[in-house]
Amino acid sequence: MLERTTTVMTVSCRGRLSKMGKLNFAAFVSTTLVFVLLQFRSVRGDITDGNAEHLKREHSLMKPYQGVGSSPSSQWDFWGSTLVTSSYIRLTPDERSKQGSIWNTVPCYLKDWEMHVQFKVHGSGKKNLHGDGIAIWYTKDRLHPGPVFGNQDHFVGLAIFLDTFRNDLHGMDRSFPYISAMVNNGTVGYDHGKDGRSSELGGCSAEIRNREHDTYLAIRYSKGRLTIMVDVDDKNEWKECIDIAGVRLPTGYYFGASAATGDLSDNHDIISMKLYQLMVEHTAEEENLDWTKIEPSVNLLKSPKDNIDDPTGNFRGTTLTGWKVFLLLLCSLLGIVVCAVVGAVVFQKRQERNKRFY
Ligand SMILES: *[C@@H]1O[C@H](CO)[C@@H](O)[C@H](O)[C@H]1NC(C)=O
Ligand SMILES: [Ca+2]
């Protein structure tokens, strides 16, 4: 299981506190307080890291990929250049003009979910001489090959592109590889020449190619909020890439992954796709809706900036209410007091020791 730390707050606190070697007790107390507080905060919409209970096997793809594609009861099938081995699924080899995809055969009826994808993009191509990339899908249709990273254009649903080749030479303000998200109701075409810039909801640059360590992508969809995180620097820590609200996606679509090469190539490997159910409460009104009838859309009235509802960079998604703020302040204060007291004791002890040398 991935035991990635997902809370920026804990990470920074741990980092800072552990440097104060002598103040171990204070560090322990403060960390515990912060931890306890976070438990309060994350009662709902919590990330599922390391929680096997919520793993949905019927939507997950894991080593050694037993039965993938080979039996009628298989929950995944594949197309094109895809090669299934016991340790990876190679969507395309490092050869020109290849396309491959892998698709879940079971539609997903979860309202709130998080997909963790372990992937590997590698090849012999030197700087900028490789392509084109991988796309992760949550779409109405499955197994429709086409020009968008091996899948059809004018798709209906969600796509996350891991674009390794810069087509748009005017877009030098961003570095590649570039990760972006797109939601489509079937009317919009993906513009390869512009690397999809006109239709993207957001994105980030990430060094995902030829890494020695494992590389991961997480896609969370919950309560109309789409969050994309990456872990590509071997730090066992999610880094936020995209976080937008106002995204509407139905249930009953299919997960998939596809990749393509053109004149330039790469090995595009999927190591695993793990889908976790997020335990989120919905109002009775929401529950009574037919979620399969939702049209994929994005409420563009909200600018990306409006989507950041937690300035700490914590993406657990629950906002602090009054008493929680009070608790947070109280605990911080307690932490500071404990730190000060222990600090004073340590300082005094050291002074005494120093005195003996005179
Ligand atoms: C599909 O999306 C386009 C562009 O976002 C929008 O203009 C159009 O109204 C949508 N069509 C439907 C049927 O929702
Ligand atoms: Ca591109």
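Values in this document were obtained by computation on a predicted structure and should not be read as measured data. Per chain, residues are indexed from 1 in the order of the written sequence. All chains are assigned letters beginning at A, and all ligands numbers beginning at 1, according to the order in which they are written. The model is predicted, so local features are restricted to residues of pLDDT at least 70 and side-chain atom pairs to those at 80 or more, both for listing and for counting; the totals for chains, interfaces and linings are taken over all residues. Hydrogens and water are ignored here; the side-chain numbers use all heavy atoms of the structure.

**Comments concerning the site of ligand 1**
Then comes step 1: Definition of nearness: a residue and a molecule or strand are near each other if at least one heavy atom of the residue lies within 4 Å of the molecule or strand. Around ligand 1, the structure places N185, T187 and E295.
Then comes step 2: Side-chain atoms alone can form a polar contact between residues adjacent in sequence; in general such a contact is a pair of N or O atoms within 3.5 Å, and within protein one must be able to donate a hydrogen while the other accepts it. A distance of 2.4 Å is found between an oxygen atom of ligand 1 and a side-chain nitrogen or oxygen belonging to N185.
Then comes step 3: T187 is positioned with one of its side-chain polar atoms (N or O) 3.5 Å from an oxygen atom of ligand 1.
Then comes step 4: Protein coverage of the free-state accessible area of ligand 1, which is 360 Å², stands at 29%. Only the protein chains shown count as covering a residue, and every accessible area follows the Shrake-Rupley method with a 1.4 Å probe.

**Structural notes on the packing of aromatic side chains**
Then comes step 1: The criterion for an aromatic pair is that two Phe, Tyr or Trp rings (for Trp, the six-membered ring) have centres within 6.5 Å, with stacked assigned to planes under 30 degrees apart, edge-to-face to planes over 60 apart and tilted to the rest. Scanning the model with the defined rule gives eleven aromatic pairs in all.
Then comes step 2: Seen from their ring centres, W137 and F155 are 5.0 Å apart, and the 75 degrees between their planes marks the pair as edge-to-face. Highlighted residues: W137 in strand β6 (residues 133–139) and F155 in the loop between β6 and β7 (156–163), separated in sequence by 18 residues.
Then comes step 3: Residue burial is assigned from relative accessible area. The probe radius is 1.4 Å, only protein chains are included, and a residue is buried under 20% of its type maximum, exposed over 50%, and partly exposed in between. Residue classification places F155 among the buried positions, given a relative accessible area of 0%. Under the scheme used here, helices are H or I runs from DSSP no shorter than 4 residues and strands are E runs no shorter than 2 residues, and both carry numbers assigned from the N terminus.

**Let's talk about the pattern of salt bridges**
Then comes step 1: Between Lys or Arg on one side and Asp or Glu on the other, a salt bridge is scored when a side-chain nitrogen of the former is within 4 Å of a carboxyl oxygen of the latter. On inspection of all chains with the given rule, the structure shows twelve salt bridges.
Then comes step 2: K98 is paired through a salt bridge with E95; the nearest N and O atoms lie 3.7 Å apart.
Then comes step 3: For K98, a relative accessible area of 28% translates into the label partly exposed.
Then comes step 4: A salt bridge links R96 to D263; its shortest N-O distance comes to 3.5 Å. Taken together, the residues R96 in the loop between β3 (89–92) and β4 (99–104) and D263 in the loop between β14 (254–260) and β15 (267–277) connect sequence positions 167 residues apart.
Then comes step 5: Classification of D263 by relative accessible area gives exposed; the value is 59%.

**Digging into the UniProt feature "transmembrane region" (unreviewed entry) in the protein chain**
Then comes step 1: If you check UniProt for "transmembrane region" (unreviewed entry), the listed places come out as residues 325–347 in our numbering.
Then comes step 2: Counting secondary structure, residues 325–347 comes out at 100% helix and 0% strand; the distance between its end C-alpha atoms is 32 Å. UniProt positions are given in the numbering used here, feature names are shortened, and annotations may be inferred rather than shown by experiment.

**Observations regarding the sheet that holds strand β11 (residues 225–231)**
Then comes step 1: Here, a strand pair is defined by DSSP locating no fewer than two bridges between the strands. Here we have seven strands laid out as an open sheet, ordered β2-β3-β15-β5-β10-β11-β12, and antiparallel in their pairing. Sheet topology places β2 (83–84) and β12 (239–244) at the edges, where each strand pairs with a single neighbour.
Then comes step 2: Alignment of β2 against β3, held across two bridges, turns out to be antiparallel. The partner of L83 across the bridge, within β3, is R90.

**Some points on the state of the cysteines**
Then comes step 1: A pair of cysteine sulfur atoms is labelled a disulfide when the two atoms are within 2.5 Å. Overall, the coordinates contain one disulfide when judged by the stated rule.
Then comes step 2: Here C204 is linked by a disulfide to C241, with a sulfur-sulfur distance of 2.1 Å. Looking down the S-S bond of the C204 and C241 bridge, the torsion is -105 degrees, so its handedness is left-handed. Of the two residues, C204 sits in strand β9 (residues 202–205) while C241 sits in strand β12, which places them 37 residues apart along the sequence. We note that C204, like C241, is buried.

**Remarks on the coordination of the calcium ion (ligand 2)**
Then comes step 1: Because water is not among the atoms used, a metal site may look incomplete, as its donors are only the N, O and S atoms within 2.8 Å, or 3.2 Å for Na, K and Ca. Taken together, D163 (OD), D163 (OD), F165 (O), N167 (OD1) and D195 (OD) make up the full set of protein donors to the calcium ion (ligand 2), lying 2.3 to 2.5 Å away.
Then comes step 2: Spacing between the donor residues of the calcium ion (ligand 2) along the chain follows D-x1-F-x1-N-x27-D.
Then comes step 3: With relative accessibility at 24%, the residue F165 sits in the partly exposed group.

**Looking at the pairing of strand β10 (residues 215–222)**
Across a regular strand the side chains alternate sides, sitting on one face of the sheet and then on the other.
Then comes step 1: Counting buried positions along β10 gives eight out of eight residues, so the element sits mostly inside the fold.
Then comes step 2: What you see with β10 is no split at all: T215, L217, I219 and Y221 on one side and Y216, A218, R220 and S222 on the other are buried throughout.
Then comes step 3: Where strand β5 (residues 113–122) lies against β10, seven bridges are found, and the strand directions are antiparallel. Counted as the bridge partner of M115 is I219 from β10.
Then comes step 4: Two elements, β10 and β11, share seven bridges in a ladder whose sense is antiparallel.

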